[in-house]
Amino acid sequence: MEELVTSAVMVEIDRDVAAFWRSALESGDTLQELITAFEPAIERLRELEQDAPSSVLEHGFRTLVLNRTRRNGILAPGASFTHNGEGGRGLLSRRYPETLASRLAAIQEHSNKLIFLESDGLKVLPVLLQGWGDRAAVFLDPPYTAKGGKRAGSRLYDHSNIDHVALFAMLADYNANFLMTYDAAPEIVDLIKQHDFNAVILFMKNGHHNQMREIVITSDPLFA
Ligand SMILES: C[S@@+](CC[C@H](N)C(=O)[O-])C[C@H]1O[C@@H](n2cnc3c(N)ncnc32)[C@H](O)[C@@H]1O
């Protein structure tokens, strides 16, 4: 959207998240209409939770609504809905229909540059990395599930098991031009040292406004 690249490939393994991206890219107009018209009464949200979607569009709509109305956006089954929400706006708090519709419109506008793959990133990466060198850049944002960390990713995502050792080895093998975010777990720091990658620590706030450390790992140094 900032014209930094001519095209982008996005890879996601989760069926719910994938349905969102597919519907946003293939049926953006209808998804915008559905989200603008939606009234998030608790009964309607329970129906969405329980009824199996009958199309990719319905599935994508369901993902978007549940992500915006459940506490911390958690999609995993059994997650609770937000009560007071941001600014005390209850079930509406994370939704902001107009903002969502305008974001969907922006995604649609760029859909000819976006390729979405519902797949395992670890299987697709070698194919994507082959032969591009510095002409392509990879952004990786894996679930935070390294053993030494607090394993927040296990709570947040259905697909949270990542072979961190294999992922680091793959990036090194392909000499990938990458930027990756991770939790500042000792296991990850060891892998960074082992592969001689570059890293900086950032401070971020989690959903409970606690300050946490996060590592940004890159192939090239970020700062001179
Ligand atoms: C920290 S989140 C990334 C969020 C994303 N950057 C965004 O802004 O929406 C981690 C994501 O990785 C996905 N994931 C986990 N294992 C994967 C795999 N092997 N291949 C592709 N995606 C995977 C999870 O389903 C989850 O959506």
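Coordinates for the structure precede this section.
1. So, the site of the ligand
Link 1 in the chain: Near the ligand, the surroundings consist of Glu 12, Ile 13, Asp 14, Ser 119, Asp 120, Gly 121, Asp 141, Pro 142, Pro 143, Tyr 157, His 159 and Ile 162.
Link 2 in the chain: Ile 13 places a main-chain nitrogen or oxygen 3.4 Å from a nitrogen atom of the ligand.
Link 3 in the chain: Contact with the protein chains hides 69% of the accessible area of the ligand, taken as 600 Å² for the molecule alone.
Link 4 in the chain: Per-class residue counts for the shell around the ligand are five nonpolar, three polar and four charged.

2. Structural notes on the pattern of salt bridges
Link 1 in the chain: Summed over all chains, the structure comprises five salt bridges.
Link 2 in the chain: Residue Glu 47 pairs with Arg 44 through a salt bridge whose shortest N-O separation is 3.4 Å. In this pair, Glu 47 and Arg 44 both sit in helix H3 (residues 42–50), three residues apart, roughly one turn of the helix.
Link 3 in the chain: One network of salt bridges, in which partners are shared, links Arg 46, Glu 49 and Arg 70.

3. Describing the nonpolar core
Link 1 in the chain: Core analysis: the biggest nonpolar cluster contains 21 residues, and Phe 168, Leu 171, Phe 178, Met 180, Ile 188 and Ile 217 have the highest contact counts within it.
Link 2 in the chain: In terms of residue count, the dominant contributor to this core is helix H8 (residues 164–173) (four residues).
Link 3 in the chain: In this structure, Leu 48, Leu 75, Leu 100 and Ala 101 belong to the second largest nonpolar core, which totals 20 residues.

About the criteria used
- Residues numbered from 1 in each chain as written.
- Predicted model: local features only at pLDDT ≥ 70, side-chain atom pairs only at ≥ 80, totals over all residues.
- Heavy atoms only, no water.
- Near = heavy atom within 4 Å.
- Polar contact = N/O pair within 3.5 Å; in protein donor to acceptor, adjacent residues only side chain to side chain.
- Areas by Shrake-Rupley, 256 points an atom, 1.4 Å probe, with all protein chains shown as cover.
- Nonpolar A, V, L, I, M, F, W, Y, C, P; charged D, E, K, R; others polar.
- Salt bridge = Lys/Arg side-chain N within 4 Å of Asp/Glu carboxyl O.
- Helix = DSSP H or I, 4+ residues; strand = E, 2+ residues; numbered from the N terminus.
- Core = buried A, V, L, I, M, F, W, Y, C linked by side-chain atoms within 4.5 Å.
- Buried < 20%, exposed > 50% of the residue type's maximum accessible area, 1.4 Å probe, protein only.

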